[in-house]
Amino acid sequence: MIADIPQRAVFDESARYHRFLEYRVTGEIERDRLARAVASALHAARSSVGRPARIVVAFGRRLWSVLAPDAVPSDLRDFRIIRGIGGHVAPATQCDLWIWLQGSGEDENVARTLALHVALRDEFTLQLEQPGFTYFESRDLIDFEDGTANPKDDAARTEAAVVPGGPGAGGCIVLIQRWVHDLDKFKALDVARQEAVIGRTKAGSIELEGDALALDSHVARTDVEKDGVAMKIYRRSAPYATIARHGLYFLAFARALERHQVQLDRMYGVSGDGLHDRLIEFSRADTGSYLFAPGERALAQAVDSEASGSDPAGSGACGPEVSGSVVSGSAASGPEATGP
Ligand code: HEM
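Residues numbered from 1 in each chain as written. Predicted model: local features only at pLDDT ≥ 70, side-chain atom pairs only at ≥ 80, totals over all residues.

1. Regarding unusual backbone geometry
Leave glycine aside and you will find that most residues have negative phi; peptide bonds, for their part, are mostly trans. What counts, and what does not: The exposure scheme places C-beta atoms from the backbone and then counts, for each residue, the other C-beta atoms within 10 Å of its own, assigning buried at 20 or more, exposed at 12 or fewer, and partly exposed in between. For helices the rule is a DSSP run of H or I covering at least 4 residues; for strands it is a run of E covering at least 2, with both sets numbered from the N terminus onward.
The backbone of Ser138 sits at a positive phi, close to 55 degrees, despite the residue not being glycine. Exposure remark for Ser138: the 17 C-beta atoms within 10 Å place this residue in the partly exposed category. The phi torsion at Asp227 lies on the positive side, around 50 degrees, for a residue other than glycine. Its location among the elements puts Asp227 in the loop between β8 (225-226) and β9 (229-230).

See the structure below:
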């Protein structure tokens, strides 16, 4: 059996424009119909713009269990509400299907979004559509660099983000949460206090050390080991903003769901040490889902056989590795089918 590989856009950091679509199945979960709709949608998204698509697709447990019952990671489950310290809540708004479009401009993402939605709308209800963007040099709207401690090379990314074996191997467990910032409240702090909340300097993003790193800083709550193993994840969050509402669409990939949950529990103060992450005093999550982003091969298999004339899998992710070694050649036939 040939090993699967993650959808290539998971690790592609080249786009500055993002669009996140969260769908819920409208009626009964029925495999053939839904697989066909997803395949058509991905094909439409890819073929609607004459340049290579960067798309990641992920599924909630109940949909993926029907599409690919043999490829469900054993730890995949729905997001559960977290009732944290001080009334802070992480709500659960579990979706069934998640599509992440990465583009060179809003035009590209809009064209793909409108095309794919036509193929999905009879079977799925759109529950969230969130555009996002890269803010200056990968800064969050609170004006701190986001992503500094992310794993940088292929080996480290794979170790952090890719299910290593068993059902679902080669895919990634995904956490998505839209966070809404209270920027006025955060900006009312002087820079030293802001840095104490984050655990890094604002200029240079240097980690605070020793006593300077507060135990309730964001870095101290999320840079964590369990049984001697660093709970590393790979983050791909994107800021979003209007005057009325602005924040961070948090997005991270992990090899095991536990890695996300350990960090969330520590952020919300439910991990047993009585501490919470001070960041949640300045931003609140208003959505939350756990998903599985299957590897390229698993994705192609799950939505391919019912594609009825559309480009197999429409995986939006198939590059040479897949077409050459795993899926039949048609999976990556046109320019839209290959990655950048
Ligand atoms: C309002 C939402 C959030 C904001 C604005 C935010 C911002 C940041 C910033 C500025 C850093 C320091 C720079 C860096 O290493 O990237 C950071 C680090 C980090 N964040 Fe977040 N974050 C948010 C939510 C989350 C959530 C929900 C998680 C996990 C469930 C998380 C996990 C991490 C991790 C693992 C690190 C790196 C820690 C280290 O190893 O040094 N963040 N975040």
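Read on for the rest.
2. Some words on the site of the ligand
Just so we agree on the cut-off: Nearness rests on one distance test: the residue's C-beta atom, set from the backbone, must lie within 6 Å of the molecule or strand.
Taken together, the neighbourhood of the ligand is formed by 25 residues, with Thr148, Ala149, Thr222, Asp223 and Ser283 sitting nearest. The set of elements that each furnish at least two residues to the shell around the ligand consists of β7 (172-181), α7 (218-222), β12 (246-254) and α8 (257-268).

3. Regarding the confidence of the model for the chain
Formally: The score called pLDDT rates the predictor's confidence residue by residue, from a low of 0 to a high of 100. Throughout, a pair of residues is in contact if the C-beta atoms placed from their backbones lie within 7 Å.
Mean pLDDT over the chain: 90, with 89% of residues reaching 70 or higher. In this model residues 305-340 is a low-confidence stretch, pLDDT under 50, and it forms 103 contacts with partners more than four residues away in sequence or in other chains.

4. Focus on the pairing of β12
Residues in a regular strand point their side chains to alternate faces of the sheet. Under the convention used in this document: Should DSSP find at least two bridges between two strands, the strands are regarded as paired.
Within β12, eight of the nine residues are buried, which leaves the element mostly enclosed by the surrounding structure. Across eight bridges, β7 lies against β12 in antiparallel orientation. Considered in β12, the bridge of Val180 is made with Gly247. Summarising the sheet, strand β10 (residues 234-235) and β12 pair through two bridges and their orientation is antiparallel. Residue pairing across strands places Tyr234 opposite Phe253, the latter belonging to β12. In terms of strand pairing, strand β11 (residues 238-241) meets β12 through four bridges, oriented antiparallel. Among the inter-strand pairings, Ala241 is bridged to a residue of β12, identified as His246. Hairpin remark: β11 followed by β12, antiparallel, with four residues in the connecting loop.

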